[in-house]
Amino acid sequence: MSEKLNRIVAARVNDPGAIAAAAARRVKATSLLGEHGKAMIIAADHPARGANGVGDDPNAMADRFELLDRLCVALERPGVTGVLATADILEDLLLLGVLDGKSVFGSMNRGGLAGSVFEIDDRFTGYDARTIAEMGFDGGKMLTRIALGDPATPSVLEDSARAVNELNDRRLIAMVEPFISTWQDGKIRNDLSTDGVVKSVTIASGLGRRTAYTWLKLPVVENMERVLAASTLPALLLGGEVKDAEAAFASWGRALKQPTAQGLVVGRSLLYPAGGDVAGAVDKAVGLL
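Residues numbered from 1 in each chain as written. Predicted model: local features only at pLDDT ≥ 70, side-chain atom pairs only at ≥ 80, totals over all residues. Heavy atoms only, no water.

Caption draft 1: Examining the environment of Leu157 more closely. Mapped onto the fold, Leu157 is located in helix α6 (residues 153-169). Assessed through its relative accessible area of 22%, Leu157 is described here as partly exposed. It is 7.7 Å that separates the C-alpha atoms of Leu157 and Ile146, two residues lying 11 residues apart in sequence. Apart from the residues lying within four places of it in its own chain, the contact partners of Leu157 are Thr144, Ile146, Ile203 and Leu207. (Helix = DSSP H or I, 4+ residues; strand = E, 2+ residues; numbered from the N terminus. Buried < 20%, exposed > 50% of the residue type's maximum accessible area, 1.4 Å probe, protein only. Contact = heavy atoms within 4.5 Å.)

Structure representation (C-alpha cells):
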C-alpha cells in the first residue's frame, strides 16, 4: 500500500487536477445492481462525522491508510457493486483507480458530529448534487434523523427535501437514511423498534417534489416485512456495527427476500470484521444476494 499512498500524496501536492482527470476517465457502472440483481455497496463515510470507532477501538477508522487498504480489498471482491463515502475518500479511491465499473455515492450531510449537542442539526457539509453530477457519480446519501423534541428537526427535513429535489432533477439517486431519534441522557438514540422505523419510512418517502430517483437506506429490525411494506421506494439495507455476525447475516438474508429490498449498504462490519478477514466477510455478505 505504501506505493499507492505515495501516489495519492504526490498527486494531491503536485497535481490536484489528477482527481478530476481520474473522475473523467472512470468507467461507470452499467447498472446499480450486480449480476445477482442486488446492490452490494461498501460504506465508509463515518470518519467525517467523527465516528471513528469500531468495537472496542475508538480510533479504528482514524487510520486512513489502513481504511483505504481495507476498502481496496473490499472493492476487488466479486459481487461488490459500489461504494459510499465523502469526497476525501472517494478522491483517494479515484487516484488509486479502483472505482471502474462501480456505482459511486457521495455522502452529503456530515455536520451533525457524533456526540455533539448539535447532532440533530445535521448540516450539508459534504457533497452537493451539482458536484455529484460533475464527478459522474450515481447519487448522494443523506442521513435524516427526525427528533420530535428537537427544534432543529424542521431544518433537517427541509435540507433533506432540497437535496432530494436537486438529485431527482438531475436523475441521480437520492439515498435517504431516516431514523426517528430522541435525546436520552445527553445522547442521540435511534428508535429501532418496528413502529419507529415504519414511521421514519413514511416520513422519508414523502420528502421532495419528485421521488422517481429516491431510494431508502434502512436498518434491519424485527418485522422487516412491515417496514418494507410502508413504501414502494427501493430500499437498501444498512449493516451498522454488528456484535453478533451470524445473527446479523441471517437477518439481512431474510430482509433481502422482500420485494422492495434491493441490496445492502454495509461499512464497519465488513471493513473491520471480527478476526480481520475483510475478503471473507465481504464474500459472505455477497453470498446473501
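Caption draft 2: Spatial organisation of the pattern of salt bridges. Overall, the coordinates contain 19 salt bridges when judged by the stated rule. The salt bridge partner of Arg130 is Glu134, with a shortest N-O separation of 3.9 Å. Of this pair, Arg130 and Glu134 both sit in helix α5 (residues 129-134), four residues apart, which is roughly one turn of that helix. Residue Arg130 is classed as exposed on the basis of its relative accessible area, which comes to 52%. (Salt bridge = Lys/Arg side-chain N within 4 Å of Asp/Glu carboxyl O.)

Caption draft 3: The arrangement of the nonpolar core in detail. Residues Met40, Leu71, Leu93, Leu264 and Leu270 are the most contacted members of the largest nonpolar core, which totals 76 residues. By size, the runner-up hydrophobic cluster in this structure holds 10 residues, among which are Leu84, Phe105, Met175 and Leu236. (Core = buried A, V, L, I, M, F, W, Y, C linked by side-chain atoms within 4.5 Å.)

Caption draft 4: Highlighting the packing of helix α1 (residues 2-14) against helix α4 (residues 87-96). Across the interface, α1 lies against α4 with an axial gap of 10 Å and an inter-helix angle of 110°. Taken as axis vectors, α1 and α4 run roughly perpendicular relative to one another. For α1 against α4, the interelement crossing comes out right-handed. Contacts from Lys4, Arg7, Ile8, Ala11 and Arg12 in α1 reach Asp88, Glu91, Asp92, Leu95 and Leu96 in α4. Of the residues belonging to the contact of α1 with α4, the class tally is four nonpolar, no polar and six charged. (Axes fitted to C-alpha atoms, helices over the stretch in contact; angles between N-to-C directions. Parallel < 35°, antiparallel > 145°, perpendicular 65-115°, else oblique. Left-handed = near helix turned anticlockwise from the far one by under 90°. Nonpolar A, V, L, I, M, F, W, Y, C, P; charged D, E, K, R; others polar.)

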